[in-house]
Amino acid sequence: ILRLTREYKFRFQRAGDARRAAAAYLEEWTAYYRSALDEAQVYAASEEAIAAAAPGRGPGRGSVRRLFASAITFDGGRHWLESIFGELDRRIVVKGPPGTGKATILARVADAALARGFSLDVFHCPIYPEQIDHLRVRETGVGVITSFWPHEYQPREGDVVIDTGTFVDAGRVARYEKEIA
């Protein structure tokens, strides 16, 4: 038991090191896109998502249940988005490269819905646990899903798709093509 416990702790520390290395890589990738982002378009898209996900006032004081919907495993990325969001009446799928405002949109929708008195299921990012990747507003039956590795979600007919890649000055990002590759 002692030997297995030591091995477990060692492996857990190595996994944490790998997660931090992946986060550093992702942060660099994010910086290139963020430098070319039109933030006004991000805020406009978030206002549309708020209006769809949390219209009016909720039934009481807002509450949040915090969960994970995806994981990065030894066997690659895994997610459970279909079982979480598949039966909802309405889905908003937010897709785009890192640094293009996906996290901002999700955070703004969560804040607005909570302030309006709605109950939320908030699903956090496995690489940046403080960041929201997806959310479900329980009373309205609306899900807001980020589609990017390790949790790519194929939109269905009737889903609203917000492509944050269109909020970026492509010419400016092209200057960093070599670094991004």
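One can find the structure itself at the top, above this paragraph.
Scoring rules and cut-offs
- Residues numbered from 1 in each chain as written.
- Predicted model: local features only at pLDDT ≥ 70, side-chain atom pairs only at ≥ 80, totals over all residues.
- Heavy atoms only, no water.
- Helix = DSSP H or I, 4+ residues; strand = E, 2+ residues; numbered from the N terminus.
- Buried < 20%, exposed > 50% of the residue type's maximum accessible area, 1.4 Å probe, protein only.
- Contact = heavy atoms within 4.5 Å.
- Areas by Shrake-Rupley, 256 points an atom, 1.4 Å probe, with all protein chains shown as cover.
- Lys, Arg positive; Asp, Glu negative; His and termini not counted.
- Charge placed at Lys NZ, Arg CZ, Asp CG, Glu CD.
- Pairing = 2+ DSSP bridges.
- Expected span 1.5 Å × (residues − 1).

Another point: the overall build of the protein. When helices and strands are counted, the protein shows six helices and eight strands. For the protein, the N- to C-terminal ordering of α and β elements is α-α-β-β-β-α-β-α-β-β-β-β-α-α. Taken over the C-alpha atoms alone, the protein extends approximately 55 × 45 × 30 Å along its principal axes. Counting over 181 residues, the protein shows a buried share of 41%. Across the protein, contacts joining residues at least 24 apart in sequence account for 76% of those joining residues at least 6 apart. As presented, the protein carries roughly 10500 Å² of accessible surface, and 54% of it is formed by carbon and sulfur atoms. Across the protein, the centroid of the 25 positively charged side chains sits 8 Å from that of the 24 negatively charged ones.

All right, on to the pairing of strand S2 (residues 70-73) then. Bridge count for S2 against strand S3 (residues 76-79) is four bridges, and the pairing is antiparallel. By the bridge assignment for S3, Ala71 is matched with Arg78. Between the end of S2 and the start of S3, which pair antiparallel, lie two residues.

What follows concerns the pairing of strand S7 (residues 142-147). The element S7 is extensively covered by neighbouring structure, given that six of its six residues are classed as buried. On S7, burial covers both faces: Val142, Val144 and Thr146 on one face and Gly143, Ile145 and Ser147 on the other are all buried. Where strand S4 (residues 90-95) and S7 come together, six bridges link them in parallel fashion. Bridging from a neighbouring strand, Lys95 pairs with Ser147 of S7. Across four bridges, strand S6 (residues 132-137) lies against S7 in antiparallel orientation.

With 14 residues, helix H4 (residues 102-115) should cover 20 Å at 1.5 Å per step; its first-to-last C-alpha distance of 20 Å lies within 8% of that length. Residues of H4 that are buried: Lys102, Ile105, Leu106, Val109, Ala110, Ala112 and Ala113. At its buried positions, H4 is contacted by helix H2 (39-53), S4, strand S5 (119-124), S6, S7 and strand S8 (160-163). One or two residues past the end of H4 sits Gly117, with phi positive at roughly 95°.

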